[in-house]
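Summary of structural features
One-letter residues, chain by chain:
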Protein chains: 2
Amino acid sequence: MKKVIPLNKLVEQFERMPGIGHKSAQRLAFHILSLTDEEIKDFTETIVEAHDKIHRCSICCDLTDQEVCKICSDENRDKTTVCVVENSKDVMAFERTREYNGIYHVLHGVISPLNGVGPEDIAIKELVSRMNNTDINEVIMATNPTAEGEATAIFISRLLKPLGIKVSRLAYGIPVGANLEYADEFTLLKAIEGRKIL
Amino acid sequence: MKKVIPLNKLVEQFERMPGIGHKSAQRLAFHILSLTDEEIKDFTETIVEAHDKIHRCSICCDLTDQEVCKICSDENRDKTTVCVVENSKDVMAFERTREYNGIYHVLHGVISPLNGVGPEDIAIKELVSRMNNTDINEVIMATNPTAEGEATAIFISRLLKPLGIKVSRLAYGIPVGANLEYADEFTLLKAIEGRKIL
């Protein structure tokens, strides 16, 4: 097949992105070709700007373009409760509830020996060092309900409990709006175990 | 919700791309943040290079980084047969058959009055002017089997027939490997009409 080299390089670049297969990469590459010079300038500048300016908050390790992120620097947030999450997308998910008013800690991953990720590879020591300086009295472990997320939650709780900090875990159960028929047996079991008196 | 402005701008840029919703755009933006400086440079340079270098072939209007594309400049291709397609992806699809040895003409769209696309907005005049200079004796209309593709094929055939050129259309029928049960009635009707003696 006769190929146009710069086009192929572009398709390859898009193929490296998560969730983008060959067909999608082609579609994105043709979209790039259809943009004006102005739009291309805008697109590449936005990429470079975001990549240059965004780094970790010096307190909670969430991504920010400031020294301290907006949540950590917000005086109305409850600084006594820290919700520990795997990544920034999880912070966004909790913020969408509009109810949680505490602060966060972003681990940027989970302990996963199979993938070569140990406790020192994620932001655990930053979390532990936060415990010394502040009036934090509860840490909510909000890692994903997967084997790795669970192991990470347990690992961290064992580090924090000796420091006299209350460590809690998100409740397991049936998702709101779901159909019991399709719930897996582990979730159902957890839902029965965690049942509440009406 | 507290937002990081450069990140949001990046997510918005990705959301403008075809087939990319909010969740995918977020995932791509976080992927960008995870790249090294080197990889970002490579990515943005590839975009700019592709956008700058790729233009239409002066003969067939397919995308190329040369004056004349590889297919048009290939001496082994049969220059008497032109396959007229809607876009470059269709050229790639025909090339994957490894059987078609003629040349192409890329319209870059179809006539679609509802979307404000008239005959002058796609590469029809370039196709007509090719008929004067060369020894082309057959034009295969390979626009999509949609209402617009069909109308475009008929429009072009009416322009070319008076010039004494044989104009053909791709065969309609059951796709190879498909299940008759799921074929729509129009396709089945076309398959019966176009049946061949065994």
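Residues numbered from 1 in each chain as written. Chains lettered and ligands numbered in written order. Predicted model: local features only at pLDDT ≥ 70, side-chain atom pairs only at ≥ 80, totals over all residues. Heavy atoms only, no water.

**Side note on a negative patch on the surface**
A cluster of acidic side chains, namely A:Asp37, A:Glu38, A:Glu39, A:Asp42 and B:Asp52, defines a negative patch on the protein surface. Sorting elements by how many residues they give to the negative patch places helix H3 (residues 37–53) of chain A first, with four residues. With respect to the element layout, A:Glu38 can be found in helix H3. (Patch = residues over 30% accessible without salt bridge, like charges linked within 9 Å, V, L, I, M, F, W, Y side chains within 5 Å. Areas by Shrake-Rupley, 256 points an atom, 1.4 Å probe, with all protein chains shown as cover. Salt bridge = Lys/Arg side-chain N within 4 Å of Asp/Glu carboxyl O. Lys, Arg positive; Asp, Glu negative; His and termini not counted. Charge placed at Lys NZ, Arg CZ, Asp CG, Glu CD. Helix = DSSP H or I, 4+ residues; strand = E, 2+ residues; numbered from the N terminus.)

**Description of the state of the cysteines**
In total, this model carries zero disulfides over all chains according to the counting rule given. Looking at the unpaired A:Cys61, the closest cysteine sulfur is the one in A:Cys60, lying at 6.7 Å. (Disulfide = S-S within 2.5 Å.)

**Points about the nonpolar core**
In this structure, A:Phe14, A:Ile32, B:Phe14 and B:Ile32 are the most contacted members of the largest nonpolar core, which totals 42 residues. Those residues in contact with B:Ile32 that lie beyond four places of it in its chain are A:Met17, A:Ile47, A:His51, B:Leu10, B:Phe14, B:Ile40 and B:Phe43. (Core = buried A, V, L, I, M, F, W, Y, C linked by side-chain atoms within 4.5 Å. Buried < 20%, exposed > 50% of the residue type's maximum accessible area, 1.4 Å probe, protein only. Contact = heavy atoms within 4.5 Å.)

**Quick word on unusual backbone geometry**
Residues other than glycine seldom take positive phi values, yet A:Cys61 does so here, at roughly 70°. If you trace the backbone, A:Cys61 turns up in the loop between strand S1 (55–56) and strand S2 (63–64). Under the relative-accessibility criterion, A:Cys61 is labelled buried at 5%. Backbone geometry places B:Arg98, a non-glycine residue, at a positive phi of 60°. With respect to the helices and strands, the residue B:Arg98 is situated in the loop between helix H4 (88–96) and strand S4 (103–106). Here B:Arg98 falls in the exposed class, since its relative accessible area comes to 71%.

**Some remarks on the side chain of B:Thr46**
Mapped onto the fold, B:Thr46 is located in helix H3 (residues 37–53). With sequence-adjacent residues up to four places away left out, B:Thr46 is seen in contact with A:Lys9, A:Leu10 and A:Gln13.

**Some remarks on helix H2 (residues 22–34) of chain B**
In an α-helix, one turn spans 3.6 residues; hence positions three or four apart end up facing the same way. Compared with an ideal rise of 1.5 Å per residue, which puts 13 residues at 18 Å, H2(B) spans 19 Å between its outermost C-alpha atoms and is within 8% of the ideal. Looking at the buried positions of H2(B), the neighbouring elements they touch are H3, S2 and helix H4 (88–96) of chain A together with helix H1 (5–15) and H3 of chain B. (Expected span 1.5 Å × (residues − 1).)

**Re the domain arrangement of chain A**
Its domain assignment divides chain A into domain 1 (5–53) and domain 2 (76–171). A straight line from the C-alpha centre of domain 1 of chain A to that of domain 2 of chain A covers 34 Å. (Domains from an automatic or database assignment.)

**What about the sheet that holds strand S6 (residues 166–169) of chain A?**
Residues and elements named next belong to chain A. What the four strands build is an open sheet, ordered S4-S3-S5-S6; its pairing is parallel. On the outer flanks of this sheet lie strand S4 (103–106) and S6, each paired with one strand and no other. Strand-to-strand, the axes of this sheet are offset by a mean angle of 25°, without reference to chain direction. When strand S3 (residues 81–85) meets strand S5 (residues 138–141), the two strands line up parallel, connected through four bridges. Considered in S5, the bridge of Cys83 is made with Ile140. Across the face of the sheet, H4 comes into contact with S3 and S4 while running at roughly 160° to S4. (Pairing = 2+ DSSP bridges. Axes fitted to C-alpha atoms, helices over the stretch in contact; angles between N-to-C directions.)

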